[in-house]
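A closer look at the structure
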Amino acid sequence: MNKTKQFALNKLFNICIVLGSFFAWGSIIWVFRENDIAWGLGFGVVALLLIVLPAIFTPYCYAFDSEGVSLCYIFLPVERYLWKDIHAIKIEAKDTSSSSDIFGFFWGNVFSIKGTNVGKRRFYMNGHIRKSFRAKHLLEEYWDGTITGYLFEDVKNWINKRKVKKQSQIKLHLTDEVAAMERETRAEIREWLKPFIEQAKQYNLDVKANYFYITKDFEELKSRPKEGYTYTLVAEIAHFNETDENRIVVISIDLIYVRLGKAAYRGVVNKHIKEEFEFMFSDVLNEINKNGIEVYCKNN
């Protein structure tokens, strides 16, 4: 099936290529016209770095279509993200700590994609799209969510909330899709949690599963808020009929990352729920078996 694509150029890549070409031309002039090999070699090294490193590690463009966005490299495999697997997009400060952003100090901030990429995650893949008006326009066109991290965003949100309160108008978002995701996730957890419950019984322990809506301000709610949230499993491990909170171990796992779309709540399921729970659960049981639940709770 053919998908219409729209493209945004990576300005960082372009400016490095232009600067590299300038230094390469300077290198030729110094060597052949000025007969100064030292300066020529210096310009040549800078030109090589400016052209070769971005050509290898930096996307030259970003391709958008109805299913996702691809970060396209000249020599390396494409870095692709599907819209359905992206739970947040944030504006973040330029990052020069990774190889793909080695020249990040030359050019502004990035749109940082929070989600899983398609295929194997390689060392250069960080979900960073260089910030530009074109990239912003295409992200807002294709992705059903709100980009966060803008300057004075908190002030802007506060003003908008004041307006909504004053006008007594609250936009209602459809919950059908995300409610179904929550039900399916709870059903799956009930099934794979059974062996863990049986294992806990061997230590005379009980496992109780609770589900909460956690807002960005870490407020723990039992009902769905009118904002983005993380649907979270909070599992309590304790002796049967234990009521003392100081003797109850809590394991928290993110289940679904939910955002407000244009008309409905949109969710992205954490693909590693069971693995994360199994790792934490095994660690807790080992510690309780060695030191007892009282010592574990005291130290944690």
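My aim in this report is to walk through the structure given alongside it, one point at a time. Everything numeric here is computed off the predicted structure, so don't read it as measured data.

1. Examining the overall build of the chain
Helix and strand counts for the chain come out as 7 helices and 11 strands. The buried share of the chain, taken over its 300 residues, is 39%. A separation of at least 24 residues holds for 60% of the contacts in the chain among residues at least 6 apart in sequence. Accessible surface, the chain as shown: approximately 18,100 Å² in total, 57% of it carbon and sulfur.

2. Some remarks on the packing of helix α5 (residues 176-201) against helix α6 (residues 273-291)
Between α5 and α6, the least distance of the axes is 12 Å, while the angle of their chain directions is 20°. Put simply, α5 runs roughly parallel to α6. Crossing angle aside, the handedness with which α5 passes α6 is right-handed. In contact with Thr 185, Trp 192, Leu 193, Phe 196, Gln 199 and Ala 200 of α5, α6 contributes Ile 273, Lys 274, Phe 277, Glu 278, Phe 281 and Leu 285.

3. A few points about unusual backbone geometry
One non-glycine residue, Phe 218, lies in positive phi territory at about 65°. Mapped onto the elements of the fold, Phe 218 is located in the loop between β7 (205-215) and β8 (220-221). For Phe 218, a relative accessible area of 72% translates into the label exposed. Phi is positive for Asn 241, close to 65°, though the residue is something other than glycine. With respect to the secondary-structure elements, Asn 241 resides in the loop between β9 (229-239) and β10 (249-260).

4. What about the sheet that holds strand β11 (residues 265-269)?
One open sheet accounts for 5 strands, arranged β8-β7-β9-β10-β11; its pairing is antiparallel. Here the strands that pair on one side only, and so sit at the sheet edges, are β8 and β11. In the sheet, β10 pairs with β11 via 5 bridges, with the strands oriented antiparallel. Across the sheet, the residue bridging to Ile 256 is Val 269, located in β11. Its contacts with the sheet put α5 on β7, β9, β10 and β11, and the angle it makes with β7 is roughly 155°. Running at roughly 165° to β10, α6 makes contact with β7, β9, β10 and β11 of the sheet.

5. Regarding the packing of aromatic side chains
Counted according to the given criterion, the structure contains 17 aromatic pairs. With a centroid separation of 6.4 Å and 55° between ring planes, the pair formed by Phe 13 and Tyr 60 is classed as tilted. Taken together, the residues Phe 13 in helix α1 (residues 11-32) and Tyr 60 in the loop between α2 (37-57) and β2 (61-64) connect sequence positions 47 residues apart. The exposure class assigned to Phe 13 is buried, which follows from its relative accessible area of 10%. Since its relative accessible area comes to 33%, Tyr 60 is described here as partly exposed. Plain terms: the ring middles of Phe 196 and Phe 281 are 5.2 Å apart, the flat faces sit at 75° to each other, and that makes the pair edge-to-face.

6. Describing the nonpolar core
Ranked by internal contacts, the top residues of the largest apolar core, which has 32 residues, are Ile 237, Val 249, Ile 251, Leu 255, Phe 277 and Phe 281. Listing elements by their share of this core, those giving two or more residues are α5, β7, β9, β10, α6 and α7 (293-299). Considering every element that reaches this core, the biggest residue donor is α5, with 7 residues. Leave out the neighbours within four places in its chain, and Ile 237 touches Leu 205, Asp 206, Val 207, Arg 247, Ile 248, Val 249, Ile 251, Phe 281, Val 284 and Ile 293. In terms of nonpolar packing, the next biggest core, distinct from the first, is built from 22 residues, Tyr 62, Tyr 124, Met 125 and Ile 147 among them.

7. Details of α6
Here α6 spans 27 Å end to end across 19 residues, near enough to the 27 Å set by a 1.5 Å rise per residue. Buried residues of α6: Ile 273, Phe 277, Phe 281, Val 284, Leu 285 and Ile 288, and no others. Considered in projection along α6, the buried side chains sweep an arc of 100° and stay on one side of the axis. Turned more than 90 degrees off the buried face of α6, the exposed positions are Phe 279 and Lys 290. Gly 292 occupies a position one or two residues after α6 and carries a positive phi of about 90°.

8. Here's the deal with the sheet that holds strand β4 (residues 79-92)
The sheet built from 6 strands is open, its strands ordered β1-β2-β3-β4-β5-β6 with antiparallel pairing. Each edge of the open sheet is held by one strand with a lone partner, namely β1 (6-9) and β6 (128-130). Neighbour-to-neighbour, the strand axes of this sheet turn through a mean angle of 40°, independent of strand direction. Here 7 bridges tie β4 to strand β5 (residues 110-117), and the two strands are oriented antiparallel to one another. Across the sheet, Ile 91 pairs through a bridge with Phe 111, a residue of β5. The strands that helix α3 (residues 133-142) touches are β1, β2, β4, β5 and β6; relative to β1, the one it contacts most, it runs at about 145°.

Here is what the cut-offs are and how they apply
- Residues numbered from 1 in each chain as written.
- Predicted model: local features only at pLDDT ≥ 70, side-chain atom pairs only at ≥ 80, totals over all residues.
- Heavy atoms only, no water.
- Helix = DSSP H or I, 4+ residues; strand = E, 2+ residues; numbered from the N terminus.
- Buried < 20%, exposed > 50% of the residue type's maximum accessible area, 1.4 Å probe, protein only.
- Contact = heavy atoms within 4.5 Å.
- Areas by Shrake-Rupley, 256 points an atom, 1.4 Å probe, with all protein chains shown as cover.
- Axes fitted to C-alpha atoms, helices over the stretch in contact; angles between N-to-C directions.
- Parallel < 35°, antiparallel > 145°, perpendicular 65-115°, else oblique.
- Left-handed = near helix turned anticlockwise from the far one by under 90°.
- Pairing = 2+ DSSP bridges.
- Phe/Tyr/Trp six-rings, centres within 6.5 Å; stacked < 30°, edge-to-face > 60°.
- Core = buried A, V, L, I, M, F, W, Y, C linked by side-chain atoms within 4.5 Å.
- Expected span 1.5 Å × (residues − 1).
- Arc of directions from axis to C-beta.

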